[in-house]
Amino acid sequence: MSLPDGPKSPSIWQMLHWITMPFPFMRGCSDRYGDPFTANIGEKLSPVVFFSNPQAIQVILTSDDSELFDSPGELNALFEPFLGSQSVIGLSGDRHRRMRQLLMPPFHGERMRSYGQLILNITEEVMSQWVGRKTFSVRPSMQRISMRVILRAVFGLNEGARYQRLERLLGAMLDRMSKPLSVSLLYFPMLRQDFGPLSPWGSFVRVRQQIDQLIYDEIAERRSHPDASRNDILTLLMSARDEAGEALTDAELRDELMTLLLVGHETTATALTWALYWIHKFPTVREQLLKELRALDGSLDPSVLFRLPYLNAVCCETLRIYPVGMLTFSRVTKSRVELMGFSLEPGTVVVGCIYLAHHRTDVYPDPDEFRPERFLERRYSPFEYLPFGGGVRRCIGMAFAQFEMKLVISGILSNFELALADSRSVRPVRRGLTAGPSPFRMVVKEHRPSRPAQIRQDSLINS
Ligand code: HEM
């Protein structure tokens, strides 16, 4: 027996089911075939084995760069139309390791914390657009916040015509590719036909060209006016040299910048949108959060907010119940691997199914209930709780995204009393290559600005 059991329907049908209804697809397979199961959703409709057992996930993620497993970038070709072929997500082996080392530092430790006040300021800026409005759509606001934060971290800029065009075009590109029909273009390369600016692929390609031009213009400007005092990510990448003393080419720079800009803002925007939904769906959760914030006596100190236990539990539970990334990236067996009673042949593609791992009743009783307290009552291993994946491809922005979520939520709750605009239930739906809430609106009930000293315009960090 080499591959675990799985759906017998035609591969194309499995793929369409996965694209249009990913959550019912994963649940249906797990109910019927158990853990693990095999589904034909890989490249060219090839089989992929889904694991949600924590011990199996541990084996995969702790040996994904060994004789047992590999984590080749070629298996992430789905991202290539957005990110290019040289993105860290598509690199393998030494090149992958080296690029991660270059990209990680700004998203950790002191460098990350230095963005705290900036995140609060950007939240304030976006919230100011809600004043005087009765209702607003949540996702666009959250996307605006996370986009501005990442543009600032990556390029060190947050104003000017180029910045504004980039913000608008990146948002347009993601919105265009978020619908199931457009997602099919990513899964089925033969559908990528440019029938002019009004066709789905044609319009995607044109927006991407405009974004590329803006990025190349920024790179050219930095090359002609080097400024060693800057410490944004673009500056760091431009000064990096490999063992042979070679710098990154413009095309390499473009792919890494695009990766951070797109992956870094879309995922966090989704997580924030879910968080606002859950916090306002359950008044006790909001009350408990407000109690924790009130105890700070009006101070919004980023390093204190980062450590608030209930706020942390709310963010963890938000990322547990509907993880933005439903699966880890694919790993592949390098030799014969015995796992959970199966003997997987070399070349078998496997994924950690984050969603199903987060819904195991033996680990999370009543897994469909939003209950932040579970994160106060017990600690989960990194193989039971893995919204950011693990191993050699663990999310580069993990700490940064959690930091940003906590600050944005605190900023909003401290300044506004909001409510869900109606009682319609919000469903998890596919959004491009990830998953997020169906659109919903919120009502502005009261605006009680926090003291100006808490969010100071004069303390913008110059990254
Ligand atoms: C709530 C927000 C986020 C979630 C849920 C999330 C989730 C994930 C997941 C599940 C993976 C795959 C890990 C694996 O296969 O083991 C990943 C990889 C990655 N993430 Fe995130 N992410 C988030 C935010 C960010 C941010 C803010 C950035 C950038 C600043 C970022 C950059 C990346 C990159 C570059 C990779 C690929 C790493 C590699 O291939 O080595 N992510 N993320």
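To be clear, the structure that these remarks concern was listed above.
Residues numbered from 1 in each chain as written. Predicted model: local features only at pLDDT ≥ 70, side-chain atom pairs only at ≥ 80, totals over all residues. Heavy atoms only, no water.

Enquirer: Where do I start with the overall build of the protein chain in this structure?
Expert: In terms of helices and strands, the protein chain carries 19 helices and 12 strands. Scaling as 2.2 N^0.38, a compact globule of 463 residues should have a C-alpha radius of gyration of about 23 Å, and the protein chain matches this with 22 Å. In terms of principal-axis extent, the alpha carbons of the protein chain reach across some 65 × 55 × 45 Å. Out of the 463 residues in the protein chain, the part that is buried amounts to 55%. Once local pairs closer than 6 in sequence are excluded, the contacts in the protein chain between residues at least 24 apart make up 74%. (Helix = DSSP H or I, 4+ residues; strand = E, 2+ residues; numbered from the N terminus. Rg over C-alpha atoms; globule rule 2.2 N^0.38 Å. Buried < 20%, exposed > 50% of the residue type's maximum accessible area, 1.4 Å probe, protein only. Contact = heavy atoms within 4.5 Å.)

Enquirer: Looking at this structure, I do not really get the pairing of strand S12 (residues 441-447). What am I missing?
Expert: Remember that side chains alternate between the two faces of the sheet whenever the strand is regular. The sheet contact formed by strand S4 (residues 135-137) and S12 spans three bridges and is antiparallel. Paired with Phe136 across the two strands is Met442, which belongs to S12. Taken together, the five bridges between strand S9 (residues 416-420) and S12 define a ladder with antiparallel strand orientation. If you follow Phe416 over to S12, its bridge partner there is His447. (Pairing = 2+ DSSP bridges.)

Enquirer: I'm lost on the coordination of the iron atom of the ligand in this one. Help?
Expert: The expected angle between donors at a tetrahedral four-coordinate metal is 109.5 degrees. At an octahedral six-coordinate metal it is 90 or 180 degrees. Just one protein atom coordinates the iron atom of the ligand, and that atom is Cys395 (SG), at 2.2 Å. Of note, Cys395 is situated in the loop between helix H18 (374-377) and helix H19 (398-415). (Donors = N, O, S within 2.8 Å, 3.2 Å for Na, K, Ca; no water.)

Enquirer: Just checking my understanding: could you explain the nonpolar core for this structure?
Expert: By size, the foremost hydrophobic cluster in this structure holds 133 residues, and its most contacted members are Met142 and Phe155. Among the elements that make up this core, the one with the highest residue count is helix H13 (residues 250-281) (15 residues). Counting 16 residues, the second largest nonpolar core, distinct from the first, contains Ile60, Phe342, Leu344 and Ala357. (Core = buried A, V, L, I, M, F, W, Y, C linked by side-chain atoms within 4.5 Å.)

Enquirer: Explain the sheet that holds S12 here, please?
Expert: In sheet architecture, strand pairing relies on hydrogen bonds along the backbone and comes in two forms, parallel and antiparallel. With antiparallel pairing, three strands are arranged side by side in an open sheet as S4-S12-S9. Each of the sheet's edge strands pairs with one partner strand only, and the pair in question is S4 and S9. Across the sheet, the mean angle from the axis of one strand to that of its neighbour is 35°, orientation sign disregarded. Of the strands in this sheet, S4 and S12 touch helix H8 (residues 138-155), which is tilted by about 65° from S4. Sheet strands touched by H19: S9 and S12. Its angle to S9, the strand with the most contacts, is close to 100°. (Axes fitted to C-alpha atoms, helices over the stretch in contact; angles between N-to-C directions.)

Enquirer: Looking at this structure, how should I read the site of the ligand?
Expert: Around the ligand, 28 residues are found, and the nearest of them are His96, Arg100, Arg331, Arg393 and Cys395. In the model, an oxygen atom of the ligand is placed 2.7 Å from a nitrogen or oxygen of the Arg100 side chain. Contact between the ligand and Arg331: an oxygen atom at 2.7 Å from a side-chain N or O atom of the residue. Take the shell around the ligand: its biggest share by element is five residues, from H13. Residues of the shell around the ligand, tallied by class, amount to 16 nonpolar, eight polar and four charged. (Near = heavy atom within 4 Å. Polar contact = N/O pair within 3.5 Å; in protein donor to acceptor, adjacent residues only side chain to side chain. Nonpolar A, V, L, I, M, F, W, Y, C, P; charged D, E, K, R; others polar.)

Enquirer: Help me out: how do you make sense of the pattern of salt bridges in this one?
Expert: Where side chains of opposite charge bring their charged atoms close, a pairing between them can arise. Counting across every chain of the model gives 27 salt bridges. For Arg254, the salt bridge is made with Asp255, and the minimal N-O distance between the two is 2.8 Å. For Arg320, the salt bridge identified is with Glu317, shortest N-O distance 2.7 Å. Pair noted here: Arg320 and Glu317 are both in helix H16 (residues 309-321), with a separation of three residues, about one helical turn. Glu317 carries the same exposure label as Arg320, and that label is buried. Taken together, the shared-partner salt bridges connect Arg162, Glu218, Glu221, Arg222, Arg230 and Asp232 into one network. (Salt bridge = Lys/Arg side-chain N within 4 Å of Asp/Glu carboxyl O.)

Enquirer: I keep staring at helix H3 (residues 54-62) and nothing clicks. Help me out?
Expert: Each α-helix turn comprises 3.6 residues. Residues three or four places apart therefore point the same way. Within the span of H3, buried status applies to Pro54, Ala56, Ile57, Ile60 and Leu61. Viewed end-on, H3 has its buried residues packed into an arc of 155°, placing them on one side of the element. With respect to the buried face of H3, the exposed residues turned more than 90 degrees away are Gln55 and Thr62. Where H3 starts, the residue carrying a side-chain oxygen 2.7 Å from the main-chain nitrogen of Gln55 turns out to be Asn53. (Arc of directions from axis to C-beta.)

Enquirer: Explain the packing of aromatic side chains here, please?
Expert: Evaluation of the coordinates by the stated rule reveals 26 aromatic pairs. Plain terms: the ring middles of Phe82 and Phe204 are 5.3 Å apart, the flat faces sit at 90° to each other, and that makes the pair edge-to-face. Of this pair, Phe82 sits in helix H4 (residues 80-83) while Phe204 sits in helix H11 (residues 200-224), and the two are 122 residues apart along the sequence. Among the residues examined, Phe82 registers a relative accessible area of 8% and is labelled buried. Classification of Phe204 as buried rests on a relative accessible area of 1%. Members of the aromatic cluster, joined through ring pairs, are Phe23, Trp274, Tyr277, Trp278, Phe282, Tyr322, Tyr355, Phe370 and Phe440. The ring of Tyr364 carries Arg320 above its face, with NZ or CZ at 5.1 Å from the centroid. Between the NZ or CZ atom of Arg430 and the centre of the ring of Trp18, over which it lies, the distance is 5.0 Å. (Phe/Tyr/Trp six-rings, centres within 6.5 Å; stacked < 30°, edge-to-face > 60°. Lys NZ or Arg CZ within 6 Å of the ring centre and 35° of its normal.)

Enquirer: I tried to follow a nonpolar patch on the surface on my own but got confused; where do I start?
Expert: Among the surface-exposed residues, Ile12, Trp13 and Leu16 lie close enough to one another that they form a single nonpolar patch of about 300 Å² accessible area. Tracing the backbone shows Ile12 in helix H1 (residues 11-20). (Patch = residues over 30% accessible without salt bridge, like charges linked within 9 Å, V, L, I, M, F, W, Y side chains within 5 Å. Areas by Shrake-Rupley, 256 points an atom, 1.4 Å probe, with all protein chains shown as cover.)

Enquirer: Explanation requested: the packing of H11 against H13 in the structure shown.
Expert: Each pair of packed helices can be summarised by the angle the axes make with each other and by the distance between the axes. It is at 10 Å that the axes of H11 and H13 come closest, and there the two elements cross at 115°. The two elements H11 and H13 cross, and the hand of that crossing is right-handed. Here H11 contributes Arg208, Ile211, Asp212, Ile215, Tyr216, Ile219 and Arg223 to the contact with H13, which in turn contributes Asp250, Ala251, Leu253, Arg254, Leu257, Met258 and Leu261. Classifying every residue of the contact of H11 with H13 gives nine nonpolar, no polar and five charged. (Left-handed = near helix turned anticlockwise from the far one by under 90°.)

Enquirer: Just checking my understanding: could you explain the environment of Leu293 for this structure?
Expert: You can see Leu293 is positioned in helix H14 (residues 283-294). Sequence separation between Leu293 and Phe342 is 49 residues, and the spatial gap between their C-alpha atoms is 50 Å. When residues no more than four places from it in sequence are discounted, the contact partners of Leu293 are Leu305, Leu308, Ser410, Leu413 and Ser414.

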